[in-house]
Amino acid sequence: MAESCTSLPNPDATAIDVPTRQRARLLLPVPLDGIYDYRIPQGITVEPGSIVVVPFAGRRLIGVVWDDAPPDSDEAEVPESKLKPIEMVFDVPPLPAYLRRLVEWVSNYTLAPLGAVLRMALGPVDSLSPLPGKTAFIAAGITPDGAKLTQARRRVLEALTPGAPMSAAELAEAADCGTSVIRAMTKAGLLIETKVAARAPRPRPDGTRPLPHLSEDQAAAAEVAVAAVEARRFETLLLDGVTGSGKTEVYFNAIAAALKAGRQVLVLLPEIALGAQWQSRFERQFGCRPAIWHSEVGHNNRRDLWRDVALGQAQIVIGARSALFLPFPDLGLIVVDEEHDTSFKQEDGVIYHARDMAIVRASIEAIPIILASATPSLESLVNAERGRYRRLVLPDRHGGAALPDIELVDLRVDKPARQRFLSPKLLTGLRQVLDAGEQAMLFLNRRGYAPLTLCRTCGHRLECPNCTAWLVEHRLVRKLACHHCGYAAPLPETCPICHEEHSFAACGPGVERLAEEVSECFPEARFAVMASDMLMGPHAAAELVAKVQNHEIDLLIGTQMMAKGHHFPMLTLVGVVDADLGLAGGDLRAGERTFQLLHQVAGRAGREERPGRVLLQTFDPEQPVLQALAAQDRDGFLAVESEARRSRGLPPHGRLAALIVSGPDAESADAAAAGLARAAPHSRGIDILGPAPAPLAVLRGRHRRRFLVKAGREVNLQALLRQWLGRIRLPASIRLQIDVDPYSFL
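Residues numbered from 1 in each chain as written. Predicted model: local features only at pLDDT ≥ 70, side-chain atom pairs only at ≥ 80, totals over all residues. Heavy atoms only, no water.

A look at unusual backbone geometry
In this chain, P651 is followed by P652 through a cis amide linkage whose omega measures 5°. Mapped onto the secondary structure, P652 falls in the loop between α17 (634–648) and β28 (655–663). Backbone geometry at L111 places phi at a positive 65°, although glycine is not the residue there. Judged by its relative accessible area of 19%, L111 is buried. Unlike most non-glycine residues, H502 shows phi in positive territory, near 50°. Along the chain, H502 falls in the loop between β22 (488–489) and β23 (504–507). (Helix = DSSP H or I, 4+ residues; strand = E, 2+ residues; numbered from the N terminus. Buried < 20%, exposed > 50% of the residue type's maximum accessible area, 1.4 Å probe, protein only.)

Printed below as a string of structure tokens:
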């Protein structure tokens, strides 16, 4: 965390016996690879993993005692007399050896500095020091001579329960008096001041509660998962089940087995919006809510949870990708739900794929990991074919529900009205569903009102001043926004090129424009928009999901936030407004991603006894992806996709790495890229493409040039990259971003 490198408070040091060794090797959470020697003062002892405070470059930083140097190391040591001392040791468990190995593994694989990876494993600074106890009061049990018992004082004593201290504020509220009464009673000897824990203990889930009845296929899959947990062995289980097949119930059995054994569980979810329904299901099954970890969680909760995880007091955590680096001392199971989801790939800072690194963590800790999805990634399916993963298949929906019918709507034939985006067939379907008292969903993976704004007079397109990207109109908040850098500005009154007034027109639909069309076509319908920029945090998303479940909303319009994980019993129609949207561009996974996304969207329809229907609007119904969706032939599509990639040596049958050079201007970026090109290795089995301008040639004001390294699976890509980059020295103004196994090609 960024907090790890800020100035630190001066908490009390832990004084223990004098150690036999007087130096320690420390890793610091700074973007460097070095491990630094420090002196261990008398009165302090440390061990590998101890979290300490040390002076560094004029600051006081947190550091972690790394493993000792090998006994036969001939590394020249700085004399101990010249070493700076460790100033204190935090009173928290050492960072587990498993987690230290994971930090090293991620650094080696991604080529990120070791210290930068460590930063992700350290919580907020104040999570390393225990919270001070809070002041509370209990009854003295006697009435001292001269102490008067007024009505207010009697109410205070009546509010107190023996053995249950209360704070001054709690007592004052319960007794309907001021806190001055509490202070006076303490002074008079009627109350005794004491200290209690700053917060209540975290509730513990109950793994012994009866589990739901499972189908034959579910029971077989659950038996395998539970056996792996009980055996405490590493195994990657690919839980491949159609939408609505009950994958969650299967891995709940494995979670229960881990809880019964007293071990901890980590569940990774790709979208925080998915957490609300998942938490409710977990609470019904295990009796309490799980701990939550993601970027929207407040600082105090993150502080408390990091410490509770380290102390073994948080038994189950659900979180986004960063939860992977929490310091679990006794992890028994990892679950990655929606394992195919691309949001598990972190694109900034340390660039890593949380699913893949979760498998690494499970391997290091010798525990099972479950990858669950209705549309597994091609990488995972190929690993299952090669025997690296064990595939558990759930071919049918739970409870006898049928998969929805999927129909392609050819927009060249079934044309929407002018300046409209819903075809007559989709409008008819929506009317039928609304008249039947059922619910519908319209999917368009495009935020805002319109993706492009141009001048009707001269054709000028409004572009971000910091990026090579068009500005997206968000009409509800009256602004234009860049979805890459966050730039925002009001819509100009006049065109900056031709100076014509009020000449700008919105081109193409976003979800806001779709909502406008729905309100005009179905004025009686209760509708809502579900998009990340319109729902401020997980609570807003949870409230909207609850409204849909309670049938307070007839029609839901949204982006990929609503594509997966949600269960709406009355939702019977899904309309995909632009099924072609994800197929544009040169992304090697475009077809696979489109299939996954639209299959997941389609899976929201007809999840219970009412049959579901899906209408996919397209200008190219002959696209293989769309034909496979209509035929519900996932395996056939993926077999063709896999063979196409095999023939070109692309993942998962080959390896890729991207290098992006960026500079403050085009000239410096070009010069740095040319220097890299001159130093490029020439070896059999590798191809280096570039340098070329990145698709987003300017991002946040920096000019970007891109290399793509293509290699066979037998090539040690990391060694090749280290050798290449070791030959050059880039200017300070140039940044180099390395992305091993890239998912984004922007």
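Observations regarding helix α5 (residues 179–188)
Along α5, the positions that sit buried rather than exposed are V181, I182 and M185. Angular distribution of buried residues about the axis of α5 spans 100°; they occupy a single face of the element. Facing away from the buried surface of α5 by more than 90 degrees, the exposed residues are R183 and K187. Where α5 is buried, its residues touch β6 (134–139), α3 (151–159), α4 (168–175) and β7 (191–196). (Arc of directions from axis to C-beta. Contact = heavy atoms within 4.5 Å.)

Considerations on the sheet that holds strand β3 (residues 51–56)
Read from one edge of the open sheet, five strands run β2-β1-β4-β3-β5, paired in antiparallel fashion. The open sheet terminates on both sides in strands that have one partner only, identified here as β2 (35–39) and β5 (88–89). (Pairing = 2+ DSSP bridges.)

Brief notes about the pattern of salt bridges
What the rule picks out here adds up to 35 salt bridges. With its nearest N and O atoms 2.6 Å apart, the salt bridge here joins D670 to R705. With D670 in helix α18 (residues 666–678) and R705 in strand β30 (residues 702–711), this residue pair connects regions lying 35 residues apart in the sequence. By relative accessible area, D670 is classed as partly exposed at 38%. Look at R705 and you get buried, because its relative accessible area is 9%. Each of D67, R100, R101 and E104 takes part in salt bridges that share partners, so that together they form one network. (Salt bridge = Lys/Arg side-chain N within 4 Å of Asp/Glu carboxyl O.)

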